[in-house]
Amino acid sequence: MAEEMLTVYNDQMEPVGVAPRSQAHAQGLRHLVAHCWVISPREDGVWIWFQKRAKDKADFPGYYDIAVGGHIAHREEPEEAILREIREEIGLCLQKEDLIDLGLWREDLWEKEETLDREAARVFLYLCPHPVFAPGEEVEEMAAAPLEQWQRKELEDSEWVEVLRQGQREQIRADRWCRHPEEFPRLILPFLRERGLCW
């Protein structure tokens, strides 16, 4: 199977070339990914959904992460990429109109303390009170955290996050979550406040 090819960008987000995914990661080349936050406003509060990454994933196996995330292939539109990833990872068949586009967010992350992963994430939001997930092979399970729990983690550096998984409440250490620095407070939280879903 041919390796996924990614468009490479400069710091002004202008396309400057194409590289295999492994090369983009190994050399710290800026490339595009797509994220989708799934959030459920309900009578009992606002819940944020996260996936537990499969144990055989190359990066961060068994960690909790944003509901959906994946690379945007060369010549692939961001909306096309995220809809594909949503189907593959959590089993929801959505349309472009179902998504709220929150824009672009850059993040530079050290992987395994040796490789700099330079990503620019196109961030989407899907609001649904009761999503029915069918996780694919890359996802072990889905878990939901109350909005106030996630705010404490992201804004107050809380060491634990209480989640609902498989119908049970459970405390999960904050260091068991993939990091996406500032994406929640800078993009997600302002949108929720604008919609009157939090303060």
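Residues numbered from 1 in each chain as written. Predicted model: local features only at pLDDT ≥ 70, side-chain atom pairs only at ≥ 80, totals over all residues. Heavy atoms only, no water.

**Considerations on helix α2 (residues 78–90)**
Between the first and last C-alpha of α2 there are 18 Å, a value that for 13 residues agrees with the 18 Å anticipated at 1.5 Å per step. Counting buried positions over the 13 residues of α2 gives 10, a clear majority of the element. P78, E79, A81, I82, L83, R84, E85, I86, E89 and I90 are the residues of α2 that are buried. Two residues or fewer past α2, G91 is found with a positive phi of approximately 75°. (Helix = DSSP H or I, 4+ residues; strand = E, 2+ residues; numbered from the N terminus. Expected span 1.5 Å × (residues − 1). Buried < 20%, exposed > 50% of the residue type's maximum accessible area, 1.4 Å probe, protein only.)

**Topic: the nonpolar core**
By size, the foremost hydrophobic cluster in this structure holds 28 residues, and its most contacted members are W37, I48, V123, W150, W177, F184 and I188. For this core, the leading source of residues is helix α4 (residues 183–194), giving six residues. Once residues lying within four places of it in the same chain are set aside, the contact partners of V123 are H35, W37, I100, D101, L102, G103, W105, E183, L187 and I188. In terms of nonpolar packing, the next biggest core, distinct from the first, is built from 27 residues, Y9, I86, C128 and M142 among them. (Core = buried A, V, L, I, M, F, W, Y, C linked by side-chain atoms within 4.5 Å. Contact = heavy atoms within 4.5 Å.)

**Quick notes on helix α3 (residues 147–156)**
Spacing of three or four residues puts side chains on the same side of an α-helix, whose turn is 3.6 residues. Along α3, the residues classified as buried are L147, Q149, W150, Q151 and K153. Considering only its buried residues, α3 is in contact with β3 (31–42), β4 (45–53), β9 (139–146), β10 (160–165) and α4. One or two steps after α3, the chain reaches D157, where phi turns positive at roughly 55°.

**Thoughts on the pattern of salt bridges**
Side chains that differ in sign of charge can pair as their charged atoms come close. On inspection of all chains with the given rule, the structure shows 16 salt bridges. Residue E138 pairs with K57 through a salt bridge whose shortest N-O separation is 2.8 Å. Within this pair, whereas E138 is found in the loop between β8 (115–127) and β9, its partner K57 is found in the loop between β4 and β5 (64–66), the two being separated by 81 residues in sequence. Owing to a relative accessible area of 29%, E138 belongs among the partly exposed residues under this scheme. With a shortest N-O distance of 2.9 Å, K153 and E154 are connected by a salt bridge. A relative accessible area of 23% places E154 in the partly exposed class. When salt bridges with common partners are traced through the structure, they connect E76, R84, E85 and E88 into a single cluster. (Salt bridge = Lys/Arg side-chain N within 4 Å of Asp/Glu carboxyl O.)

**Some details on the environment of F133**
Along the chain, F133 falls in the loop between β8 and β9. For F133, a relative accessible area of 18% gives the class buried. For F133 and K52, which are 81 residues apart along the polypeptide, the C-alpha to C-alpha distance reads 13 Å. Residues contacting F133, with those up to four places away along its chain left out, are V38, W49, I90, L92 and M142.

**Focus on the pairing of strand β11 (residues 168–173)**
In this sheet, β11 lies alongside β10 in antiparallel orientation, the contact comprising six bridges. Across the sheet, the residue bridging to R165 is Q168, located in β11. Two successive antiparallel strands, β10 and β11, enclose a turn made up of two residues, where Q166 displays a positive phi of approximately 55°. (Pairing = 2+ DSSP bridges.)

**What about unusual backbone geometry?**
Positioned with a positive phi, D157 is a non-glycine residue whose angle comes to about 55°. Within the secondary structure layout, D157 lies in the loop between α3 and β10.

**Quick word on the side chain of H180**
Along the chain, H180 turns up in the loop between β11 and α4. Judged by relative accessible area, H180 falls into the buried class, the value being 14%. Here the side chain of H180 touches D65 through a polar contact of 2.7 Å, side chain to side chain. Those residues in contact with H180 that lie beyond four places of it in its chain are H35, D65, I66 and E107. (Polar contact = N/O pair within 3.5 Å; in protein donor to acceptor, adjacent residues only side chain to side chain.)

**With respect to the pairing of β9**
Counted residue by residue, β9 has seven buried out of eight residues, so it is predominantly covered. Where β4 lies against β9, seven bridges are found, and the strand directions are antiparallel. Residue pairing across strands places W47 opposite P146, the latter belonging to β9.

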